[in-house]
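Report on the structure
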Amino acid sequence: MRVVLFTGKGGVGKTTTAAATAVFAARCGVKTLIISADPAHSLADALGVRLGPQPTEVSAGLFGQQVDPRARTEQSWRGIQDYLVTALDDLGVDPLAADELTELPGADEVFALLEVRDQVRHGPWDLVVVDCAPSAETLRLLAVPELLTRYLSRLLPMDRRIARIVAVARRPGWDRKGAEGSGLPLPGDGVVEAAERFATELAGAQEVLRSPSTSIRLVLTAESVVLAETRRTWTALAMHGFAVDAVIANRLFDGDSADAWRQGWARSQHQVLSEAESSFAPVPVRRAGYTAVEPVGVAALTELGEALYGPAVPEAAAALLAPPSPPDLFAVERGDDGFVLRLQLPLADRDDLDLGRRGDDLVITVAGRRRVLALPSALRRCQVTGARLRDGVLSVRFVPDPAQWRSL
Ligand SMILES: Nc1ncnc2c1ncn2[C@@H]1O[C@H](COP(=O)(O)OP(=O)(O)O)[C@@H](O)[C@H]1O
Ligand SMILES: [Mg+2]
């Protein structure tokens, strides 16, 4: 099953072009589901129909669904949160603050993703189109499965942690009250089970994102500020190992207009477009014009889809469902005196790049976004001896650290 996620800066037309893609696909005979992960329910408005938390038929072969992240949060997170709030309460943390603290970071996005996973596993679809929230949130969404697993393992006093707390409580010289007041209450079996279930769900969601049949389309309008943000999103996506298979330039002005104001816009858009093309090559930049009226409803979206992809005929289905080229973003090779870790960071600027080592992790910061990369075990006992960024590839040299090898 092919999965395509749409993202981009706010208001550029993500929902509209995602819907146009889904409508187009259904027209070509592809059984399609479009899911909105954006809490601003604009997918239903764009399609001109009502949508609910279950897939609803929109037109022949096209179904739409508006994920209700709150309901899923209740299902998966509530038990864990209740435990955490109680634990913090025992430590004297104000219950209101405890509630805030135990809100799940990026919860809406995670649960939208879980819904996508369920549909990928059990749904009858050939294609699932996901209308994401604006870029920053989407990046968070894509990163959260990893973050969340860490977050959970810190918060939940599993095995080792429990042992330590019990040891502290039993230390001589502690009176009972002190001992009780110092440790967290042990989580019940139910909480641990819920956490384990949740970790499994997250792994499933990440599986969808990492699948070779999942790709991302970046939507932009041809303005320099928007292009700049899209380039940053692109770099960050590359760092996470996600495949971008198309860029969509939306709301383009017609250059043939007699009107001077419109001509001016058409000229500047043309320039931004050619910059976009050279930035993202070999990924194609598909184009959609500024329509005369708001493109709302299946008929208008079909037209927009044809502007983007060509005639909606059954022969176009194969191209829609073809797997994206795999991203080749991350590799470790043997070098002369150690290893070289290569990371493709297309468009990354040397001045924007910062590299650091924190224990077993490599911390890469590009344009203010941080990625903590857990190093493969061979590299953990090595020292970083140099780094180079050339032609969009970051190479980090690692040399075995004699002190660490000897102590083994
Ligand atoms: N090609 C287009 N021509 C004209 N209006 C468009 C076009 N694409 C989108 N719009 C309009 O622009 C507004 C924002 O689009 P939307 O898809 O909701 O953006 P996003 O999802 O990125 O926030 C909507 O009113 C939509 O109808
Ligand atoms: Mg939207």
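Before reading further, recall that the structure is shown in the block above.
Residues numbered from 1 in each chain as written. Chains lettered and ligands numbered in written order. Predicted model: local features only at pLDDT ≥ 70, side-chain atom pairs only at ≥ 80, totals over all residues. Heavy atoms only, no water.

**A look at the packing of aromatic side chains**
Counted under the stated rule, the structure contains five aromatic pairs. Relative to Trp 125, the ring of Phe 63 has its centre 5.2 Å away and its plane inclined at 55°; by these criteria the two rings are tilted. Of the two residues, Phe 63 sits in strand 4 (residues 62-66) while Trp 125 sits in the loop between helix 5 (107-122) and strand 5 (127-131), which places them 62 residues apart along the sequence. Pair check on accessibility: Phe 63 and Trp 125 agree, each one buried. Judged by centre distance (5.2 Å) and plane angle (20°), the rings of Phe 253 and Tyr 290 are stacked. One end of the pair, Phe 253, is in the loop between strand 7 (244-252) and helix 11 (260-280); the other, Tyr 290, is in the loop between strand 8 (285-289) and helix 12 (298-309), with 37 residues separating them in the sequence. (Phe/Tyr/Trp six-rings, centres within 6.5 Å; stacked < 30°, edge-to-face > 60°. Helix = DSSP H or I, 4+ residues; strand = E, 2+ residues; numbered from the N terminus. Buried < 20%, exposed > 50% of the residue type's maximum accessible area, 1.4 Å probe, protein only.)

**Some remarks on the environment of Ala 238**
For Ala 238, the location among the structural elements is in helix 10 (residues 224-240). Residue classification places Ala 238 among the buried positions, given a relative accessible area of 5%. Distance from Ala 238 to Gln 344, taken between C-alpha atoms, is 6.9 Å for residues 106 residues apart in sequence.

**Description of the sheet that holds strand 3 (residues 56-59)**
Judged by pairing direction, the sheet is mixed, and its eight strands sit side by side in the order 3-4-2-5-1-6-7-8 without closing on themselves. Of all the strands in the sheet, the pair left with one neighbour each is strand 3 and strand 8. Within this sheet the neighbouring strands show an average axis-to-axis angle of 25°, counted without direction. Sheet topology places strand 2 (residues 32-36) next to strand 5; five bridges connect them, and they run parallel. Bridge assignment links Ile 35 to a residue of strand 5, and that residue is Val 130. (Pairing = 2+ DSSP bridges. Axes fitted to C-alpha atoms, helices over the stretch in contact; angles between N-to-C directions.)

**Some words on a positive patch on the surface**
Residues Arg 350, Arg 388, Arg 390 and Arg 397 make up a contiguous surface patch of positive charge. Tracing the chain through its elements places Arg 397 in strand 15 (residues 393-400). Judged by its relative accessible area of 42%, Arg 397 is partly exposed. (Patch = residues over 30% accessible without salt bridge, like charges linked within 9 Å, V, L, I, M, F, W, Y side chains within 5 Å. Areas by Shrake-Rupley, 256 points an atom, 1.4 Å probe, with all protein chains shown as cover. Salt bridge = Lys/Arg side-chain N within 4 Å of Asp/Glu carboxyl O. Lys, Arg positive; Asp, Glu negative; His and termini not counted. Charge placed at Lys NZ, Arg CZ, Asp CG, Glu CD.)

**Regarding the site of ligand 1**
Ligand 1 sits among 14 residues. The nearest are Lys 14, Thr 15, Thr 16, Arg 251 and Glu 294. Burial of ligand 1 by the protein amounts to 81% of the accessible area it has alone, namely 560 Å². Where the shell around ligand 1 is concerned, the elements lending two or more residues are helix 1 (14-27) and strand 7. In terms of residues, the shell around ligand 1 owes the most to one element, helix 1, which gives three residues. Looking at the shell around ligand 1 residue by residue, the classes come out as four nonpolar, seven polar and three charged. (Near = heavy atom within 4 Å. Nonpolar A, V, L, I, M, F, W, Y, C, P; charged D, E, K, R; others polar.)

**Examining the pairing of strand 1 (residues 2-8)**
Looking along a regular strand, one sees the side chains alternate between the two faces of the sheet. Summarising burial for strand 1: seven of the seven residues are buried, a large majority. Here strand 1 shows two buried faces, one formed by Arg 2, Val 4, Phe 6 and Gly 8 and the other by Val 3, Leu 5 and Thr 7. Judged from the five bridges that link them, strand 1 and strand 5 form a sheet pairing that is parallel. Paired with Phe 6 across the two strands is Asp 131, which belongs to strand 5. Where strand 1 and strand 6 (residues 214-221) come together, six bridges link them in parallel fashion. Bridged to Gly 8 within strand 6 is Val 219.

**Some thoughts on the layout of surface pockets**
In this structure, the largest pocket encloses a volume near 700 Å³. Taken together, 32 residues form the lining of the largest pocket, with Val 244, Asp 245, Ala 246, Val 283 and Ser 325 sitting closest to its centre. At the level of elements, helix 10, strand 7, helix 11 and helix 13 (317-321) are the ones that each hand at least two residues to the lining of the largest pocket. Looking at side-chain class alone, the lining of the largest pocket contains 24 nonpolar, three polar and five charged residues. (1 Å grid on protein atoms, 1.4 Å probe; cavity = no way out; pocket = protein on both sides within 12 Å on 5 of 7 lines; lining within 4 Å. Points joined across faces, edges and corners; volume = space filled by probe spheres on them.)

**Here's the deal with the nonpolar core**
Core analysis: the biggest nonpolar cluster contains 81 residues, and Phe 6, Ile 34, Leu 47, Leu 62, Val 130 and Val 247 have the highest contact counts within it. Among residues more than four places away in sequence, those in contact with Phe 6 are Lys 14, Thr 17, Ala 18, Thr 21, Val 129, Val 130, Asp 131, Cys 132, Arg 217, Val 219, Ile 248 and Tyr 309. Listed in part, the 17 residues of the second largest apolar core include Phe 339, Leu 353, Leu 375 and Val 396. (Core = buried A, V, L, I, M, F, W, Y, C linked by side-chain atoms within 4.5 Å. Contact = heavy atoms within 4.5 Å.)

**What about the pattern of salt bridges?**
Enumeration according to the criterion identifies seven salt bridges in this entry. In this structure, Arg 117 and Asp 118 form a salt bridge, with 2.7 Å as the shortest nitrogen-oxygen distance. Residues Arg 117 and Asp 118 agree in their burial class; the two are buried. Asp 259 serves as the salt-bridge partner of Arg 262, at 3.6 Å between the closest nitrogen and oxygen. Taking relative accessible area as the criterion, Arg 262 reaches 36% and is therefore assigned partly exposed. By relative accessible area, which is 33% here, Asp 259 ends up partly exposed. Sharing partners across several salt bridges, the network here consists of Arg 2, Arg 217 and Asp 245.

The quantities given are spatial measurements derived from coordinates; they are silent on function.
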